[in-house]
Amino acid sequence: MNLIEARDLTKVYHRGSEEVHALKGVTLSVKTGEFLSIVGPSGSGKTGLLNILGLLDNPSGGTVKVHGSDVTHLKEKQRVVVRRDTIGFVFQQFFLIPTMTARENLELPLLFSRKKPDPKKTESILEMLGLAHRGDHLPYQLSGGEMQRVAIGRALMNDPQIILADEPTGNLDSASSEKIYDLFRDLRDKGLTLIVVTHNSELAKRADRVITIRDGILTDEEHQVCCPCA
Ligand code: ADP
Ligand code: MG
């Protein structure tokens, strides 16, 4: 079953009097439980596409369906709910709160969804991230890879169905990057759907499927390894 279906997405940005056609008709389906990589050069439209798939931004044209229902024209209030309950976001810059411990950063999304922290759940996520001994550490006491794992844990806190990650290893060395992809594969094995944007074509191949975007258009599909739910 398709978790996300995007059809004919276009995105036009206005920069002064100039129009930037960042997406020029992107059609894409992502199956439940699939781990998809999106690669492409800088400026090709990866972030714009991810933001539209994650309901952080509206397309200029085209539609996005989540679980078969069109979310393109939902009111912002409803989009917030779909986003909060369905999608976890991971960014290149981690965006941890510097004055909060790893554990507190993990639990941050619960504030917004007005759920009470469940210490058992927090500890089990820390454990899964390989950070059981780091719960009381502040971000500056963590390595880049550890910070990104906290950010991934934070994205998991509301039990999303899909993780969207924009160049999550862009600031990490190759060993830490491998570990992040190990974690993504574990999450896929647990049934999560992942869409991960990367510059690194070797890392991209660790996904089930790689698609390439160039100049706002999907150019090809390569490396179709497996998809457990196909
Ligand atoms: P990528 O993530 O692949 O580097 P982006 O999706 O960020 O690419 O951007 C695609 C194109 O859209 C680029 O040419 C970029 O300069 C342009 N762009 C992105 N956001 C804006 C914006 N807010 N205003 C104007 N142009 C933008
Ligand atoms: Mg980008």
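For the structure given in this document, a descriptive report is provided here. (Residues numbered from 1 in each chain as written. Chains lettered and ligands numbered in written order. Predicted model: local features only at pLDDT ≥ 70, side-chain atom pairs only at ≥ 80, totals over all residues. Heavy atoms only, no water.)

### Examining the site of ligand 1
In the neighbourhood of ligand 1, the contacting residues comprise Tyr13, Arg15, Val20, Ala22, Pro41, Ser42, Gly43, Ser44, Gly45, Lys46, Thr47 and Gly48. A distance of 3.2 Å is found between an oxygen atom of ligand 1 and a backbone nitrogen or oxygen belonging to Ser44. Within the contact set of ligand 1, an oxygen atom lies 2.9 Å away from a backbone nitrogen or oxygen of Gly48. Taken by itself ligand 1 offers 560 Å² of open surface, and the protein chains cover 67% of this. Of all elements in the fold, only β1 (2–15), β2 (18–31) and α1 (46–53) reach the threshold of two or more residues within the shell around ligand 1. Counting residues per element, the shell around ligand 1 draws most heavily on α1, which supplies three residues. (Near = heavy atom within 4 Å. Polar contact = N/O pair within 3.5 Å; in protein donor to acceptor, adjacent residues only side chain to side chain. Areas by Shrake-Rupley, 256 points an atom, 1.4 Å probe, with all protein chains shown as cover. Helix = DSSP H or I, 4+ residues; strand = E, 2+ residues; numbered from the N terminus.)

### A short note on the nonpolar core
Formed by 32 residues in total, the largest nonpolar core has its most connected members in Ile152, Phe184 and Leu187. Secondary-structure elements contributing two or more residues to this core are α3 (102–113), α4 (119–128), α5 (144–156), β7 (162–166), α6 (174–189) and β8 (193–198). At six residues, α5 tops the list of elements feeding residues into this core. Apart from residues lying up to four places away in sequence, Ile152 is in contact with Val90, Ile180, Leu183, Phe184 and Leu187. Counting residues in hydrophobic clusters, the runner-up holds 27 residues, among them Leu3, Leu36, Ile195 and Ile213. (Core = buried A, V, L, I, M, F, W, Y, C linked by side-chain atoms within 4.5 Å. Buried < 20%, exposed > 50% of the residue type's maximum accessible area, 1.4 Å probe, protein only. Contact = heavy atoms within 4.5 Å.)

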